[in-house]
Amino acid sequence: MPAARDIQRALARIRAVMPAQKQSAMANRNIKLGLERISRVVPEEQKWIGVHVGGTNGKGSICALLAGMFKLSGISHGTYISPALPERHNAITINGLYINKRMYDMELQHVEEAYRRVSSGWTFAAGEDPGDLTPFELETAAAFRVFNKMNVQYGIVEVGMGGATDATNAMKDKAVTVISKIDLDHQEYLGNTIEEIAKVKAGIMRPGVPCIVDHTNPSSVMDVLRDHARTVGTQVSLSSKALPFIESLDRDRFKLQDYEQQNLLCATLAFRNLFPHLHIDVNKLLALKPQLPGRMEQVSVAGLTDGTRQKSVLVDGAHNMLGVEALAKYVDGSLRKTSEPVTWVIGLSSSKSKPFSKIIETLIRPEDNLAFVEYAQGPNDPPPAPADLGRGVATQIIQDESRIYDGEPDIGNGVQWACSKAGDGPVIVTGSLYMIREFYKMEGVEPSRKIKTRRPGRSQLWRYIQLSKERPLTSEEAREFKQARRHWYLSPMNSSVFRDVRNGGNPMSPPTPESIRKHQQDAAHHKSQADGYRSAIRSARKDMDSNADGDGELSKILESLEQRRDEHLRAYNSAMFKVRGHAVDSEKKYMSFEDIFKQPDRRRSRIAALLRKRT
């Protein structure tokens, strides 16, 4: 069986013959630790209180558990985790909902513009180029801006890498910090020993701010954390203190793995430090399934496998030894049946410090099936580990080569082969979160944990008004424009119907005359019929594109369908005219800044004042 040393030598040989552009992609990931750049673009005023969660494994899960506790307590909160799955904006949730993608894009743009302004002055004053923000710095600054704009009370923030020099440590106000289980990871950035890494991760501590630490950490790690706490002027609280708070846990219903219980203890103790008098029912909490995508999640792949098998796979982003050992223990204890095979789809990232062969050896058994795959490397992602190397390690364990996938090493083909090979046995997709992110984006893949997205807000409404005056909106932009207008009109600030809802009252809808109700019903009927004909027209046009011989007959059908659609649209418009009492004014959608935000546009006022001074 190849040793880790042999694997590293093989990787070195591959790098030696690799094209220059691929080598540079491996060496030049845009990762710059330090707070000098991001401190200049995060908001000067932090309107929310920070809950900062670091460690090696489990920190994202602790964030999810804390968010569930805030939700059950009715406390406004935002969360920021990394990496996001499957899209960048999915890193941020506000009160349990993903933020709107357009809002996220706007905030990224604002951060980039702000950094361009400050970096030009910085270069002039210091005589050196500060360089660009890294993607993670950009995303972190955007998340902090979103928390401010959404007026959340608390921001639950996961450390990206390390702690002291991580971009999230630019947080100005913290109420509690949490450090989960620490192990070797990212040694090329954080240090070569677990104690060196612990020292870096301890850097999230603040004077007088309690720090909750997973009590199962090794004693050498605990010594480092306690020493740093004394230096900073705070104290460490062990997660074991939370054991009395989870005594009511229904262990028959919720069969937690050891690491899951440790995460729950850390989150519970952190919450009790924040709110000593609030009680959380852990059974209600776990019933919410407060888990992140890609962590022990059942995912349907029926669409990916053409529906031939209604197959679901278990997805878990176990990308380091702590995660791999926990996954292997779960599979051996809960999924593996005597000598029946488990089918694995594994994709790992290349790293000088990752124990490549040991990860594979920990997971697979001689009777198992394995597809080792590669993900498509993104602009700032680490390169994937070569599939040939994964297969090479596997052949030393699995003697039957028919059990090892040797086709194209992309994820889609690997999962299709695995589902076909597994029969009724379990299929597990694991490894790099970059691989899982690509997997989740594939057509036909349906995760079981579906989080809704917030409706577009006032900032997006104003942006779409400006954009629609410059050019025609895309269909997606037009749809969100309508959503934003509807949301604005129905908000308690503007609608008399919902004005008392914010104070716990009920909607006060005025009675609708029977004649108006009848017109509304007619409008709804004709709108539904018109939508049905639109779908039929799309199908007919597709048939025309694929069937040149039947163009004449299909053209007649298409013409008839379009006539019926137009009849229903005319009837709809007639009914809506009777409901409104006036024709639609297309200019009415162009509300002013003052109408939307209930305050003058200060930026324009400042520009106008400057222009007056110059003249």
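Residues numbered from 1 in each chain as written. Predicted model: local features only at pLDDT ≥ 70, side-chain atom pairs only at ≥ 80, totals over all residues. Heavy atoms only, no water.

### Thoughts on the overall build of the protein
Counting its regular elements, the protein contains 21 helices and 14 strands. The burial tally for the protein puts 46% of its 615 residues in the buried class. Total accessible area computed for the protein in this model is approximately 31200 Å², and 49% of it derives from carbon and sulfur atoms. (Helix = DSSP H or I, 4+ residues; strand = E, 2+ residues; numbered from the N terminus. Buried < 20%, exposed > 50% of the residue type's maximum accessible area, 1.4 Å probe, protein only. Areas by Shrake-Rupley, 256 points an atom, 1.4 Å probe, with all protein chains shown as cover.)

### Comments concerning the sheet that holds strand 12 (residues 369-372)
Pairing is mixed in the open sheet, where 6 strands are placed in the order 12-11-13-10-9-14. Each of the sheet's edge strands pairs with one partner strand only, and the pair in question is strand 12 and strand 14 (446-447). Pairing between strand 11 (residues 343-347) and strand 13 (residues 427-431): 5 bridges, direction parallel. Pairing of I346 across the sheet is with T430, part of strand 13. (Pairing = 2+ DSSP bridges.)

### Brief notes about the side chain of Q262
With respect to the helices and strands, Q262 occurs in helix 9 (residues 258-274). Here Q262 falls in the buried class, since its relative accessible area comes to 13%. Apart from residues lying up to four places away in sequence, Q262 is in contact with D214, H215, T216 and S239. (Contact = heavy atoms within 4.5 Å.)

### Considerations on the packing of aromatic side chains
Applying the stated criterion across every chain yields a total of 13 aromatic pairs. When the ring of W48 is compared with that of F144, the centres are 5.1 Å apart and the planes differ by 70°; the resulting orientation is edge-to-face. With a gap of 96 residues between them, W48 in the loop between helix 2 (20-27) and strand 1 (49-54) and F144 in helix 5 (residues 135-149) connect regions that are remote in the sequence. There is no split in this pair, since W48 and F144 are both buried. If you follow R485 out to its NZ or CZ, it ends over the ring of F481, 4.7 Å from the centre. (Phe/Tyr/Trp six-rings, centres within 6.5 Å; stacked < 30°, edge-to-face > 60°. Lys NZ or Arg CZ within 6 Å of the ring centre and 35° of its normal.)

### Description of the pattern of salt bridges
Throughout the structure, instances matching the rule amount to 20 salt bridges. Of the charged contacts in the structure, one is a salt bridge between K59 and E158, with a shortest N-O distance of 4.0 Å. Linking K59 in helix 3 (residues 59-73) with E158 in strand 5 (residues 154-158), this pair joins segments that are 99 residues apart in sequence. Side by side, K59 and E158 carry an identical accessibility label, which is buried. Linking E367 and R336 is a salt bridge whose minimum nitrogen-to-oxygen distance equals 3.5 Å. Remark: R336 occurs in the loop between helix 11 (321-335) and strand 11 and E367 occurs in the loop between helix 12 (356-363) and strand 12; sequence separation between them is 31 residues. A residue is classified by how much of its surface remains accessible, and R336, at 15% relative accessible area, is buried. Several salt bridges share partner residues, and in doing so they unite D332, R336, R365, E367 and D368 into one network. (Salt bridge = Lys/Arg side-chain N within 4 Å of Asp/Glu carboxyl O.)

### Section: the confidence of the model for the protein
Mean pLDDT over the protein works out to 82, with 84% of the residues at or above the 70 mark. Here helix 2 is the element of the protein with the lowest mean pLDDT, 42, and strand 5 is the one with the highest, 95. This model gives residues 15-27 a pLDDT under 50, and the stretch forms 8 contacts once residues within four places in sequence are excluded. (pLDDT = per-residue confidence, 0-100.)

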